[in-house]
Amino acid sequence: MMYSWNVACEAMRVMPPLQGTFREAINDFTYAGFFVPKGWKLYWSVYSTHIDHEYFLDLEKFDPTRFEGDGLAPHTCVPFGGGPWMCPGKEYTRLKILVFMHNIVRVFKWERVLPEEMIIANPMPIPENGLPVRLVPHHLGYDVLSSIRSFRARKS
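Residues numbered from 1 in each chain as written. Predicted model: local features only at pLDDT ≥ 70, side-chain atom pairs only at ≥ 80, totals over all residues. Heavy atoms only, no water.

The chain has the name Cytochrome P450 in an unreviewed UniProt entry, where Nepenthes gracilis is given as its organism. Recorded in UniProt for the chain, the comment headed Subcellular location (unreviewed entry) runs: "Membrane". For the record of the chain, the UniProt heading Cofactor (unreviewed entry) holds the text "heme". (UniProt positions renumbered as here; feature names shortened; annotations may be inferred.)

Take a look at the structure:
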């Protein structure tokens, strides 16, 4: 299950489940030449954290091996937040993700209905048509499914 979790982590790096959140500056500081006074509200984007070139090489490549071994530096991939703001449901969600992945791969062969579908920003990156997929149980072939579809079409 370790590799499966690495795949899930890389998927969440590319498309975080949380868009971002607001925080309050606890001290005055300067960032990239901009002065931010204590008390200002700041918006933090999870996605911008996940595309930091200092920690992620070849950002466009889907690479689950990024999470092997000791994994990433702390707070570089934070789909569930970090520190005291860590999602309390992280471990439950991890379990749900792994059970779902196990069952979908074990039971079904799947293929993209629109293989050339584009990704659009709205405001997060999403598949243009919702990423429709065709799921076929491993024990059924396409001939069996074609027969079922033909039967249903004649019946209606």
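Now that the structure has been shown, the text picks up again.
Examining the state of the cysteines
Scanning the model with the defined rule gives 0 disulfides in all. Cysteine Cys77 shares no disulfide, and the gap to the nearest cysteine sulfur, in Cys9, comes to 6.3 Å. Considering cysteine sulfurs only, Cys9 is the nearest to Cys87, which forms no disulfide, with 14 Å between them. (Disulfide = S-S within 2.5 Å.)

Quick notes on helix α3 (residues 90–107)
For α3, which comprises 18 residues, the first-to-last C-alpha distance of 26 Å matches the rise-based estimate of 26 Å (1.5 Å per residue) to within 8%. For α3, the complete set of buried residues consists of Leu98, Met101 and Ile104. Down the axis, α3 shows its buried residues gathered within 140° of arc, on one side only. Summarising the geometry of α3, the exposed residues directed more than 90 degrees from the buried face are Glu91, Tyr92, Leu95, Phe100 and Arg106. Buried residues belonging to α3 abut α1 (2–14), β5 (108–112) and β8 (133–137). (Helix = DSSP H or I, 4+ residues; strand = E, 2+ residues; numbered from the N terminus. Expected span 1.5 Å × (residues − 1). Buried < 20%, exposed > 50% of the residue type's maximum accessible area, 1.4 Å probe, protein only. Arc of directions from axis to C-beta. Contact = heavy atoms within 4.5 Å.)

Focus on the UniProt feature "binding site: heme" (unreviewed entry) in the chain
Mapped onto this numbering, the UniProt entry annotates "binding site: heme" (unreviewed entry) at Cys87. On the basis of relative accessibility, which here comes to 32%, the residue Cys87 falls in the partly exposed class.

Describing the side chain of Arg13
Inspection of the secondary structure assignment puts Arg13 in helix α1. Classification of Arg13 as buried rests on a relative accessible area of 1%. Looking at Arg13, its side chain comes within polar contact range of the side chain of Glu10, at 2.9 Å. There is a polar contact of 3.1 Å between the side chain of Arg13 and the backbone oxygen of Leu59. Residues in contact with Arg13, not counting those within four places in the same chain, are Tyr47, His50, Phe56, Leu59, Lys61, Arg66, Phe67 and Cys77. (Polar contact = N/O pair within 3.5 Å; in protein donor to acceptor, adjacent residues only side chain to side chain.)

Details of unusual backbone geometry
Of note in the backbone geometry, Ala32 takes a positive phi value of approximately 50° without being a glycine. With respect to the helices, strands and loops of the structure, Ala32 is situated in the loop between β2 (29–31) and β3 (34–36). The phi angle at His75 is positive, at roughly 65°, despite the residue not being glycine. Inspection of the secondary structure puts His75 in the loop between α2 (46–50) and α3.

What to know about the packing of aromatic side chains
The final tally for this structure, using the stated rule, is 1 aromatic pair. A centroid spacing of 5.1 Å and a plane angle of 65° characterise the contact between Phe22 and Tyr43, whose relative ring orientation is edge-to-face. Of this pair, Phe22 sits in strand β1 (residues 20–24) while Tyr43 sits in strand β4 (residues 41–45), placing them 21 residues apart in sequence. Assessed through its relative accessible area of 56%, Phe22 is described here as exposed. The positively charged end of Arg13 is found above the aromatic ring belonging to Phe56, 5.2 Å away from the centroid. (Phe/Tyr/Trp six-rings, centres within 6.5 Å; stacked < 30°, edge-to-face > 60°. Lys NZ or Arg CZ within 6 Å of the ring centre and 35° of its normal.)

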